[in-house]
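# Structural description and commentary
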Amino acid sequence: MRYTVVVPTAGRPCLTALLPALAAGDGPLPERVLLVDDRRDRSTPLVEPRHLGPLLARVHVLAGAASGPAAARNRGWRAAETEWIAFLDDDVIPPPGWRAALAADLTGLGHDVAGSQGRIRVPLPRHRRPTDWERNVAGLERARWATADMAYRRDALAAVGGFDERFPHAYREDADLGLRLSAAGWRIVTGGRSVLHPVGVAGRAVSLAKQAGNADDVLM
């Protein structure tokens, strides 16, 4: 089972947690890990080799257009040469055994299956009530077709033109793709694998940024 991992990233520090976690555990290694560097300023290295472990020779950095995750993911999967493309967000942590679980999820799927969705686990504090922001992130546990952990057949992506690059935010672009694939007759199934999605630090104006994403609903 050959697959490529595509990670769009703006260079957030959490990327240094994702890569060692992806390298650990068992299961087939990805043919390549394509990091799409969507930063406007690329004057500093995106990753340090010490974070890559057995992935060192497999990690490749592609230049994005700083146009958002939809365009960055398109840049990644179009550069891939494998049947399956596994999309991960740069703020998730695959647990040990994720690669083996991915292989189990994808092996034997019918040709009418466009994709396999992984489960997302969001750890919330146990000693207090979660904040509004923490509850918002925890909503990913119920999201359909979230590209935080989503594997798609390359042929299916090509058939519908990939992600709609008119979506500039990390919002709705993954659901839109799932809807278009479903409308085209493809099936999307849920696998048994999962990733951890820690709640990142949010600024005081995070709600304004979230509201900006609602403007993309019209594109649906």
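Residues numbered from 1 in each chain as written. Predicted model: local features only at pLDDT ≥ 70, side-chain atom pairs only at ≥ 80, totals over all residues. Heavy atoms only, no water.

Here we come to the overall build of the protein. Along the protein, the regular secondary structure elements total seven helices and seven strands. A globule of 220 residues ought to have a C-alpha radius of gyration of about 17 Å, and the protein, at 17 Å, matches this closely. Dimensions of the protein, computed from the C-alpha atoms along their principal axes, are close to 45 × 45 × 40 Å. Within the protein, the fraction of its 220 residues that count as buried is 45%. Of all intrachain contacts in the protein linking residues separated by at least 6 positions in sequence, the fraction that spans at least 24 positions is 84%. Of the roughly 10,800 Å² of accessible surface on the protein, a fraction of 53% belongs to carbon and sulfur atoms. Seen as two clouds, the 29 positive and the 25 negative side-chain charges of the protein have centres 3 Å apart. (Helix = DSSP H or I, 4+ residues; strand = E, 2+ residues; numbered from the N terminus. Rg over C-alpha atoms; globule rule 2.2 N^0.38 Å. Buried < 20%, exposed > 50% of the residue type's maximum accessible area, 1.4 Å probe, protein only. Contact = heavy atoms within 4.5 Å. Areas by Shrake-Rupley, 256 points an atom, 1.4 Å probe, with all protein chains shown as cover. Lys, Arg positive; Asp, Glu negative; His and termini not counted. Charge placed at Lys NZ, Arg CZ, Asp CG, Glu CD.)

All right, on to the pattern of salt bridges then. In this structure the tally under the stated criterion is 16 salt bridges. Close ionic contact of R73 with D89 constitutes a salt bridge, the shortest N to O distance being 3.3 Å. Of the two residues, R73 is situated in helix α2 (residues 69-79) and D89 in the loop between β4 (84-88) and α3 (98-106); the sequence distance between them amounts to 16 residues. With respect to burial, R73 and D89 carry one shared label: buried. One salt bridge in this structure joins R128 and E134, with 2.8 Å as the shortest N-O distance. (Salt bridge = Lys/Arg side-chain N within 4 Å of Asp/Glu carboxyl O.)

The next point concerns the pairing of β4. The buried fraction of β4 is high, at five of five residues. Residues of β4 alternate between two faces, with W84, A86 and L88 on one and I85 and F87 on the opposite face, all of them buried. Two strands pair when backbone bridges link them, and strand β1 (residues 3-9) and β4 are joined in this way by four bridges, in the parallel orientation. When the bridges of β4 are listed, T4 appears paired with I85. (Pairing = 2+ DSSP bridges.)

So, on to the nonpolar core. In terms of nonpolar packing, the biggest core is built from 30 residues, with V5, L15, V33, L35 and L88 touching the most fellow members. If you list the elements that add at least two residues to this core, you get β1, α1 (15-23), β2 (32-37), β4, α3 and α4 (132-138). Broken down by element, the residue count for this core peaks at five residues, all from α1. Setting aside anything within four residues of it in sequence, one finds L88 in contact with V5, V6, V7, P8, L18, L22, P94, W98, T147, A148, D149 and V195. Core analysis: the next-biggest nonpolar cluster, separate from the first, contains 20 residues, L62, I85, Y152 and A156 among them. (Core = buried A, V, L, I, M, F, W, Y, C linked by side-chain atoms within 4.5 Å.)

Here G161 is to be found in the loop between α5 (154-160) and α6 (173-183). Assessed through its relative accessible area of 36%, G161 is described here as partly exposed. In sequence terms G161 and L181 are 20 residues apart; their C-alpha atoms lie 10.0 Å from each other. Ignoring anything within four residues of it in the chain, the contact list for G161 reads N74, W77 and R78.

On to the side chain of S116. Here S116 is to be found in strand β5 (residues 113-121). Residue classification places S116 among the buried positions, given a relative accessible area of 1%. In this structure, S116 is in contact with D105, L106, L109, M150, A151, V189, G191 and R193, ignoring residues within four places of it in sequence.

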